[in-house]
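Chain by chain, the residues:
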Amino acid sequence: MVIKRALEFTKIKTKKILKISNENNVNNKNLQKVETFHKNDEALPMKNSHYFDDDQVDLKSKYEKPKQPNWLFRRIYILTWIRHYDREKAISDLIAGITLGLTIIPQSIAYAALAGRSSEYGLYTAFIGSIIYVFFGTIPQVSIGPTSLMSLMVLQYCYEKPIEIVIVLAFLAGCVELLMGIFQLGFIVSFIPSAVNKAFTTGTSIIVALCQIKNLLGVKLKGIPTPRAFFENIKVADATVGITCFVILLVLRQLSSVKFKEESPAARRLKKLLWYISISRNALVVFTCGMIAYFWIQKSSFEAIPITLSSKVDSGIPTIKLPPFAFIHDNRTYVFSDICRELGSGILVVPIVAVLANVAIAKAFVKDGILDASQEMLTLGICNVAGSFFSAMPTCGAFTRSAVSQASGVRTPMAGIYTGIIVLSALSILTPYFQYIPKSSLSAVLIAAVIFMVDFKPLTELWKTNKKDFISWLGCVIVCLAAGVEMGLLYGIILNMIFVLLRLGKPKLEVNLKKSDNLIYVHIKPMSDIYYTGVEPIRTEIRSACVLYRNDFPIVLDCSRFMLFDTTFLEMLNAVAKDLRENNVLLILQFFPDKHKEFLNENTNIRFANDRTLSELIVKT
């Protein structure tokens, strides 16, 4: 019914336009356009009372791409939105910033513990990352700070090494990210397929959870203990606190999804309250456990408490100082070359992993689908380089915190200012109390955060849709668990590049015997783009077709999907033409670019054609 009305409406409007144009006897070009429109697209309703004005539309000025802002505005991104900042946005950002601050403080403490560092280093990272992103970041929801992924990378490359090496790693990672942004290398991320990205996230999450099980249960054995030794060294008090915190976190997580039968104002307020409790669950659990431990110790002593507590945290705001490119530790002098040798491949792996994670998060929250990946690389690089002057660890965006910002109604990156102020307040006021936080409660926070990032759905989905992606996913997870996250990522990338090379080296070709106007010819059409790596399969296919059809018919080769006409390509075509000439077979190159025809003129049996001239060309020959 709707389509019928649209047809009638379109016909009426078209008739009116035709009538007006005939009466005035002007604008014949517009009349032809209307007739064409009426003939081809009469089911398409018009938006206005007349579709074409008397004056010609200036297509160049009306439909040209909008001008990009000045490069200074694109790089210091705050200049593009601060001029339109108003009270409504400020209130929304304030609420989101405070909510995010309550989330990031316990996470920073836990992630510092995961990296094997004291709590203040996680807070240093959270403070500087939140502040810097306000000025250069493009996505309001992205929250730069410590993450489980970066903490795991620090643990892997800096395990039992001085904190100075971690700080220099942050500086070097930032320099690499800055160079990637300056040289516009955002396209590198596209070489990491979705299956590898999912496998990398799953493998990393499993490793984080496994690393925290010992702290959750109070096991203090180094390395990988035997099952018997593991169970014999479980501390009942730590295990009780850890498992209880873990269960409470899972319960509080579900509060945000509680549904009410009636949507009354009271129900909406209660739902909002439950949501705030749910997103603040980490802070609530850590704060409650710390308060219980504090009052316990006040009544007795540190030695009397049966659970393992966090280490003492240095109080005060971090001072600005150069990264320690040379230092002395345990009577050993480290210079810059020694630090680079200690870090090894981490100098490249850490920034690449950080960029991958940060761009993936930015893509998930970008509004218009247009993401400046190079600017995100620059911003991340500045965050890490600046963080190294404040004794911070390597940093990147966190998906969980970004989701909290989105749900809190963030409007601009200004929310990071409020988050940074809350973290600074915690550093200056609360640091003496961080030592009362049980380690098992922090482990529970980490496990509860990453356990929902483990996704085994690709096992069944990829097996049904694409076996190659299934092999990539499964292999990447296994290698991550067995050899480390950077080896798992490298495995997935290399394996998929091999798949691409194999596809380029052995393209699919469609060979048919066609008939057009009583003329018969062999038509060879590539089903994918052809590069120089695929010339031999084409040559083999042409020879096979000639043998099959006994050289009785001309060969028509569709060149529309030929890419990068280099010397290898042109030499192959000349060689094939020479072979066919010996058997009096014509080679017709369909849709061949004009600029390369001169390199094939020496062969008398080569012709060039498109769809219209193909039959005429065969007849003439």
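Located above this text is the structure these notes cover.
Residues numbered from 1 in each chain as written. Predicted model: local features only at pLDDT ≥ 70, side-chain atom pairs only at ≥ 80, totals over all residues. Heavy atoms only, no water.

A closer look at empty space enclosed by the protein
The condition is simple: In this analysis a 1.4 Å probe is tested at points of a 1 Å grid over the protein atoms alone, and where it fits but cannot get out there is a cavity; an open set with protein on both sides within 12 Å along at least five of seven lines is a pocket; lining residues have an atom within 4 Å of a point. Grid points are joined across faces, edges and corners, and a volume is the space filled by probe spheres set on the points. For the purposes of this entry, the term helix denotes a DSSP run of H or I that reaches at least four residues, the term strand denotes a run of E that reaches at least two, and both are numbered from the N terminus. As a working rule, the residues Ala, Val, Leu, Ile, Met, Phe, Trp, Tyr, Cys and Pro are called nonpolar, Asp, Glu, Lys and Arg charged, and the rest polar, with Gly in that last group.
Throughout the structure, instances matching the rule amount to 2 cavities of 30 Å³ or more. Contributing to the lining of the largest cavity are 17 residues, with Leu100, Val142, Ser143, Ala415 and Gly416 lying nearest its centre. Of all the elements in the fold, those that place two or more residues in the lining of the largest cavity are helix 6 (87-114), helix 7 (119-136) and helix 19 (415-430). Taken together, the residues of the lining of the largest cavity break down into 10 nonpolar, 7 polar and no charged.

Thoughts on the packing of aromatic side chains
This is how the line gets drawn: Any Phe, Tyr or Trp ring, taking Trp's six-membered ring, that has another such ring centre within 6.5 Å forms a pair; planes under 30 degrees apart are called stacked, those over 60 apart edge-to-face, and the others tilted. To sort residues, take the accessible area from a 1.4 Å probe on protein chains only and compare it with the maximum for the residue type: under 20% means buried, over 50% means exposed, and anything in between is partly exposed. The criterion is that NZ of a Lys, or CZ of an Arg, lies within 6 Å of the ring centre and within 35 degrees of the ring normal, and then a charge sits over that ring.
Inspection of every chain in the model, using the stated rule, returns 15 aromatic pairs. Here the aromatic rings of Tyr121 and Tyr124 are separated by 5.8 Å at their centres, their planes lie at 80°, and the arrangement is edge-to-face. Residue Tyr121 and its partner Tyr124 are both found in helix 7; the two are separated by 3 residues, about one turn of the helix. Like Tyr121, the residue Tyr124 is buried in the burial classification. Ring plane angle 70° and centroid distance 6.2 Å describe the contact between Tyr549 and Phe553, whose orientation is recorded as edge-to-face. The exposure class assigned to Phe553 is partly exposed, which follows from its relative accessible area of 24%. A connected cluster of aromatic rings, assembled from ring pairs, spans Tyr294, Phe295, Tyr433 and Tyr436. Its end group placed over the ring of Phe452, Arg253 keeps NZ or CZ at 3.7 Å from the ring centre. One Lys or Arg, Lys272, reaches over the ring of Trp275 and ends 5.0 Å from the middle of that ring.

Remarks on the side chain of Gln107
We apply this condition: Any pair of residues with heavy atoms lying within 4.5 Å of one another is described as a contacting pair.
Note that Gln107 resides in helix 6. The class for Gln107 is buried, based on a relative accessible area of 4%. Look past the residues within four positions of Gln107 in its chain and what remains in contact with it is Asn282, Thr400 and Arg401.

Thoughts on the pairing of strand 7 (residues 555-558)
Rules: Seen with its strands pointing away from the viewer, a crossover is right-handed if its path from the first strand over the helix to the second goes clockwise. When DSSP locates at least two bridges between a pair of strands, those strands are taken to pair.
In strand 7, alternate side chains face the same way, and those of Ile555 and Leu557 on one face and Val556 and Asp558 on the other are all buried. Where the polypeptide runs from strand 6 (residues 519-526) across helix 24 (residues 535-548) and back to strand 7, its parallel neighbour, the crossover connection is right-handed. Of the pairings in the sheet, the one linking strand 7 to strand 8 (residues 587-590) comprises 4 bridges and is parallel in character. Of the residues in strand 8, the one forming a bridge with Asp558 is Gln590. Read as a crossover between parallel neighbours, the route from strand 7 over helix 25 (residues 567-582) to strand 8 is right-handed.

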